[in-house]
Amino acid sequence: RKPTEDLILYLQTLFDPDDHVGYVTGDTWQTEDGWYQVGGSWNDRYEDVAALFEWFWENPLALSRFAEPRSMIFSDRSSYPDAFREMIPDFSSLGYTAESELVNLGARFGGETAPVWFGGVYTRGDVRIRWTVSVGADKDAWDTCIGRPREVTEEGLNAAMAGENRVSLFFDLPAMATVSLEEGEVSAVWELIRSMTE
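Residues numbered from 1 in each chain as written. Predicted model: local features only at pLDDT ≥ 70, side-chain atom pairs only at ≥ 80, totals over all residues. Heavy atoms only, no water.

### Section: the overall build of the protein
Put simply, the test is: Numbering of helices and strands runs from the N terminus, with a helix taken as a DSSP run of H or I at least four residues long and a strand as a DSSP run of E at least two residues long. Buried means the residue's accessible area, taken with a 1.4 Å probe over protein chains only, is under 20% of the maximum for its type, while exposed means over 50%, and partly exposed covers the values in between. The criterion used for residue contact is that any of the two residues' heavy atoms lie within 4.5 Å. Methods summary: accessible areas were calculated by the Shrake-Rupley approach with a probe of 1.4 Å, and residue burial reflects only the protein chains presented.
Across its full length, the protein holds five helices and 10 strands. The 198 residues of the protein split such that 32% are buried. Of all intrachain contacts in the protein linking residues separated by at least 6 positions in sequence, the fraction that spans at least 24 positions is 61%. Accessible area for the protein stands at about 11,900 Å²; split by element, carbon and sulfur atoms hold 50% of it.

Listed below in structure tokens is the structure:
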């Protein structure tokens, strides 16, 4: 039996045909002909993921043609305090406590590293906010994007978060920050965005 059949059976066992499945492959290789990257998603239907697995089985990657995979460094913000500094509000000055602050760095040419993702969870009283920043953005981040922080109005934010608990903000890096209000009122998110533009 092919390994993809096991993966497809696994998907069929756990998910209904209309469910969405998350998968991530994060390594990027440089070939003789340029870049080749296998991407991931968290919002594909299981039938689409099964078809992708089948395609990989029928079209195996010739990994011998690729250089060594480039690594990802998983760390915390205290080790990289400048990572995305201009894209993250100063939560502590606004009275928030950080539950977690994580930073992922990816390798660049020459072995240098650069921040590619940040995720923090912050609380203050009955407010709990998750703030993530990533270089580039997926479709869902663009769908919830309300503009650059300086372009956002309180009315626009309230309208965007009516029925939603998250919005995304665009930065010129290009990077996207996604703000998820897990507990509390939208006014807390407005305070954070406003603090970044003052």
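### Details of the pattern of salt bridges
Let me state the cut-off plainly: We count a salt bridge whenever a side-chain nitrogen from Lys or Arg sits within 4 Å of a carboxyl oxygen from Asp or Glu.
Within the structure shown, the criterion is met by nine salt bridges. Arg-128 is the salt-bridge partner of Glu-99, the closest N and O atoms lying 2.7 Å from each other. Pair noted here: Glu-99 is in strand E6 (residues 97-107) and Arg-128 is in strand E8 (residues 127-135), with a separation of 29 residues, a long-range link. Residue classification places Glu-99 among the partly exposed positions, given a relative accessible area of 44%. Owing to a relative accessible area of 21%, Arg-128 belongs among the partly exposed residues under this scheme. Between Arg-148 and Asp-172 there is a salt bridge, and its shortest N-O distance comes to 2.8 Å.

### A closer look at the pairing of E8
To be explicit about the condition: Two strands are counted as paired when DSSP detects at least two bridges linking them.
As defined by bridge partners, strand E7 (residues 113-124) adjoins E8 across eight bridges and the pair is classed as antiparallel. Looking at E8, one finds that Thr-123 is bridged to Arg-128. Bridging between E8 and strand E10 (residues 175-183) involves eight bridges; their strand directions are antiparallel. Note that in E10 the partner of Arg-130 across the bridge is Ser-180.

### Examining the environment of Leu-94
Mapped onto the fold, Leu-94 is located in the loop between strand E5 (72-76) and E6. In contact with Leu-94, other than residues within four places in its own chain, are Arg-124, Glu-191, Leu-192 and Ser-195.

### With respect to the packing of aromatic side chains
For clarity, the cut-off: Only the six-membered ring of Trp is used, alongside the rings of Phe and Tyr, when aromatic pairs are assigned; centres must lie within 6.5 Å, and planes under 30 degrees apart are stacked while those over 60 apart are edge-to-face, with the rest tilted.
Inspection of the entire model under this criterion finds four aromatic pairs. Note on Phe-91 and Tyr-122: the rings are 3.6 Å apart at their centroids and 0° apart in plane angle, and the pair reads as stacked. Note that Phe-91 is positioned in the loop between E5 and E6 and Tyr-122 in strand E7, a separation of 31 residues in sequence. Residue Phe-91 is classed as buried on the basis of its relative accessible area of 3%.

### A short note on the side chain of Thr-144
Relative to the helices and strands, Thr-144 resides in the loop between helix H3 (139-143) and helix H4 (154-161). The contact partners of Thr-144, leaving out residues within four places of it in the chain, are Arg-166, Val-167 and Ser-168.

### A look at the nonpolar core
We count it as follows: For the purposes of this section, nonpolar cores are sets of buried Ala, Val, Leu, Ile, Met, Phe, Trp, Tyr and Cys residues that join through side-chain atoms within 4.5 Å.
By size, the foremost hydrophobic cluster in this structure holds 30 residues, and its most contacted members are Ile-129, Trp-131, Val-133 and Leu-157. In terms of residue count, helix H5 (residues 186-197) provides more of this core than any other element does, six residues in total. With near-sequence residues (within four places) excluded, Leu-157 lies in contact with Ile-146, Val-152, Val-167, Val-186, Val-189, Trp-190 and Ile-193.

### Some words on the packing of H4 against H5
Rules: Inter-axis angles, ranging from 0 to 180 degrees, are taken between N-to-C directions of lines fitted to C-alpha atoms, where helices are fitted over the stretch in contact. Any angle that is under 35 degrees is reported as roughly parallel, and any over 145 degrees as roughly antiparallel; angles of 65 to 115 degrees are reported as roughly perpendicular and all others as oblique. Take the far helix as the reference: if the near one is turned anticlockwise from it by less than a right angle, the crossing is left-handed, and if turned clockwise, right-handed.
Packing of H4 against H5 brings their axes to within 10 Å, and their N-to-C directions diverge by 135°. By the angle class used here, H4 and H5 are oblique. For the element pair H4 and H5, the recorded crossing hand is right-handed. Touching Glu-154, Leu-157, Asn-158 and Met-161 of H4 are Val-186, Val-189, Trp-190 and Ile-193, all from H5.

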